[in-house]
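Commentary on secondary and tertiary structure
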Amino acid sequence: MAKHSISRFLISSLISLCFSYIIIGFLNPVLDSTLAIIISTLIVMTIANVLVYLSLRDMKWRSNPLNIILALSLPVFFVATIYICLQFPEILVWEYISIPSQYFLTFILTAILSSFISYFLVQRINIEIKNGLGIYLGGMFFFIHLILARTLNHPALSYNVVLFEADAGPWMEILASPESAPINRAVHPLSLIIIRPLMRLASFWMGEHYPLGAMLVVSATAGLCVFMAYLFIKRATDSNSYAFLFAMLLGFSASHLLFGSLTENYIFGAASLIFFFLLIQAKENRFSVLVPAGLILFGITITNIAQGVIGLFFNKFNFRRLIQFCVYVLVFGILLTLFTNFLYPKSITYFFSPKDIAFEFGFVKVVGEEPESSLAEKLQVTARTMALYGVVAPKPIEAISEKPPFPTIDLKTFDIRTHALASYKGLANIPLVLWLLLLIGSILTFFKNILTSKHLPLMLGLLGALGFNFMMHLFYGTELFLYTPYWMYALIFFIALSLSEFAEKTWFQIVLGLIVFTIAINNFNFIFSILKAIAPFYSAL
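What counts, and where the lines are drawn
Residues numbered from 1 in each chain as written. Predicted model: local features only at pLDDT ≥ 70, side-chain atom pairs only at ≥ 80, totals over all residues. Heavy atoms only, no water. Helix = DSSP H or I, 4+ residues; strand = E, 2+ residues; numbered from the N terminus. Rg over C-alpha atoms; globule rule 2.2 N^0.38 Å. Buried < 20%, exposed > 50% of the residue type's maximum accessible area, 1.4 Å probe, protein only. Contact = heavy atoms within 4.5 Å. Areas by Shrake-Rupley, 256 points an atom, 1.4 Å probe, with all protein chains shown as cover. Lys, Arg positive; Asp, Glu negative; His and termini not counted. Charge placed at Lys NZ, Arg CZ, Asp CG, Glu CD. Core = buried A, V, L, I, M, F, W, Y, C linked by side-chain atoms within 4.5 Å. Polar contact = N/O pair within 3.5 Å; in protein donor to acceptor, adjacent residues only side chain to side chain. Disulfide = S-S within 2.5 Å. Patch = residues over 30% accessible without salt bridge, like charges linked within 9 Å, V, L, I, M, F, W, Y side chains within 5 Å. Salt bridge = Lys/Arg side-chain N within 4 Å of Asp/Glu carboxyl O. Expected span 1.5 Å × (residues − 1). Arc of directions from axis to C-beta. 1 Å grid on protein atoms, 1.4 Å probe; cavity = no way out; pocket = protein on both sides within 12 Å on 5 of 7 lines; lining within 4 Å. Points joined across faces, edges and corners; volume = space filled by probe spheres on them. Nonpolar A, V, L, I, M, F, W, Y, C, P; charged D, E, K, R; others polar.

**Some points on the overall build of the protein chain**
Broken down by element type, the protein chain carries 21 helices and five strands. Computed over the C-alpha atoms, the radius of gyration of the protein chain is 23 Å, within 12% of the 24 Å expected from 2.2 N^0.38 for a compact globule of 541 residues. The burial tally for the protein chain puts 58% of its 541 residues in the buried class. Sequence-distant contacts in the protein chain: of pairs separated by 6 or more residues, those separated by 24 or more amount to 80%. When the accessible surface of the protein chain is summed, it comes to about 22,800 Å², and 70% of that surface belongs to carbon and sulfur atoms. Taken together, the 32 basic and 26 acidic charged side chains of the protein chain have centroids lying 13 Å from each other.

If you want it as structure tokens, here you go:
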């Protein structure tokens, strides 16, 4: 029987009170009665209190002062997120994430009651939670993304604001609204039966405020990605600090901060890819597990299945069974696509229809096509986006056009019309140089240990996934920053595995921590730049 601590429970109650306040405040448009506040506070506060308390029991990591510094830094970044977003009252005001004053006393009294209920429950629960540090990390990123999601997801995304060619406005309607809307894209065949049920489960009771449910699901998925990254690296190195730092690096990457907050397919595709590589790492070979996981990869974005197949190939998956896996995924993918079309008539197109696939080839850009581009330019754009932009954000390009009925702003990292590439200016060069040193160091270490590393199969699978994305995006797409969630995990996992011989070196953990914090500060400035650019356009509606 685990020993229970009153002091630890009081700490967990305080933490849970803060978390519950944010969630109840976030949902305040829906929770508009005293009874609703009481019920929701009892549920959220009790669950949070139990989970936080059980996670705090897994405190072996406290012996390392760096872990404590890292853990305490996350609330600072969370407060910074709120502060940055509140600088733009056209987009976010405190009332969007706070409990109305007439319900505040009700919330406090109910929270106290739920603390007694929680204490009663933990006395009778004998569960040991492993990876408490990872749970805390994922939870904190959930709250960071919740604030960003509440700020970024706005009706303007369907009218006069384009964020790196993302379709967050239309996808909000497709995935979360009661009526849904047509996708008419063959590359996302199963999104309506994979992602939409999650969003409707969270938002069906919210009525006209259904976007809040979608934001909750997107933010939770972003936090889950960070938690799974922690698990992957912890499993490989058995180092809490090392896993924490690289999971933070993923969470604070420019790609994850932005696309983990927009209602789009990309964060769900990233989560499915990380989960699949967790299965590969665990040497999972049962079709009953791999085929459903492969269908999720395939169903969210069909090209992602190639990364799963490459990962299996390099991790000694029998070639005959690999062919069987591909056949199973293809056959079930066709059947489930037909089923999706039955549930949502005329909402999707078929990836196995030549006519529908021909439409997707309209996004393939051949060298020499109008707007004219050279192979050298394609190589430069793809290399910069894959190696740099996804981690260390550049200063985005702002393209403003007078499209009726509203002026429109289009943020991008590459303007194909002017051939301009987003660049790094001033202090942004510091995180850029630090990131390049980390990247180059990992490549050199990979070749040094290529014959002896126990992680070689996984690293080859991750390199294969990166190589596939590089080759594909030489020809597919123009604003490649949009696709960074689909390879960011592979790049960071590869670096973590390559440098794993330094996982327990204190000096390296300190250096890595400085790099992560520097990148995080740069990327929060990137978010600030985005908000500054789009605020006038959001307020125009």
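**Describing unusual backbone geometry**
A negative phi holds for most residues other than glycine; trans holds for most peptide bonds. The residue N131 is not glycine, and still its phi comes out positive at about 60°. Tracing the backbone shows N131 in the loop between helix 4 (101-124) and helix 5 (132-152). Although it is not a glycine, K316 sits at a positive phi angle of roughly 60°.

**Some remarks on the nonpolar core**
One finds L163, F252, F325, W435 and I534 to be the most contacted residues of the largest nonpolar core, which totals 181 residues. For this core, the leading source of residues is helix 9 (residues 210-237), giving 18 residues. When neighbours within four sequence positions are excluded, I534 is seen to be in contact with I91, L152, V161, L163, I409 and L411. Counting six residues, the second-largest nonpolar core is a separate cluster that includes F9, V50, L54 and I129.

**Details of the side chain of S261**
With respect to the secondary-structure elements, S261 resides in the loop between helix 11 (254-259) and helix 12 (266-281). A residue is classified by how much of its surface remains accessible, and S261, at 0% relative accessible area, is buried. Polar contacts involving the side chain of S261 include one to the side chain of H145, which spans 2.9 Å. Non-local contacts of S261, meaning those with residues more than four positions away in its chain, are made with H145, L148, A149, L152, N153, V218 and H256.

**Structural notes on the state of the cysteines**
Under the criterion given, the structure shown has zero disulfides. Looking at C18, it has no disulfide partner, and the nearest cysteine sulfur is the one in C85, 18 Å off. Take C225: it sits in no disulfide, and the sulfur closest to it among the cysteines is that of C85, at 20 Å.

**Focus: a nonpolar patch on the surface**
Taken together, F313, F314, F319, I323, V327, Y328, V331, F332, L335, L338 and F352 make up a surface patch of nonpolar side chains, about 1,000 Å² in accessible area. Of all the elements in the fold, those that place two or more residues in the nonpolar patch are helix 14 (304-314) and helix 15 (319-343). Per-element tally for the nonpolar patch: the top contributor is helix 15, with eight residues. Following the sequence through the fold, V327 ends up in helix 15.

**Topic: helix 10 (residues 240-251)**
Spanning 12 residues, helix 10 covers 16 Å between terminal C-alpha atoms, matching the ideal 16 Å at 1.5 Å per step. Within helix 10, 11 of the 12 residues are buried, which leaves the element mostly enclosed by the surrounding structure. When helix 10 is considered as a whole, its buried residues turn out to be S241, Y242, A243, F244, L245, F246, A247, M248, L249, L250 and G251. Capping the start of helix 10 is the job of one residue whose side-chain oxygen sits 3.3 Å from the backbone nitrogen of Y242: S239.

**Looking at helix 8 (residues 196-203)**
When we look at burial in helix 8, the residues that qualify are R196, M199, R200, A202 and S203. Down the axis of helix 8, the buried side of the element spans an arc of 160°, and every buried residue falls inside it. Packed against the buried residues of helix 8 are helix 6 (168-176), helix 7 (191-194), helix 9 and helix 12.

**Remarks on empty space enclosed by the protein**
With the rule as written, the count across this model stands at two cavities of 30 Å³ or more. By volume, the largest cavity amounts to about 90 Å³. Counting residues per element, the lining of the largest cavity draws most heavily on helix 17 (residues 375-389), which supplies four residues. Per-class residue counts for the lining of the largest cavity are four nonpolar, five polar and two charged. Taken as a whole, the second largest cavity encloses approximately 70 Å³ of empty space. Around the second largest cavity, the lining is made up of 13 residues, and of these L250, H256, I267, A270 and P485 lie nearest the centre. Class assignment of the residues belonging to the lining of the second largest cavity gives a composition of nine nonpolar, four polar and no charged.

So yeah, pure geometry; function would need other evidence.
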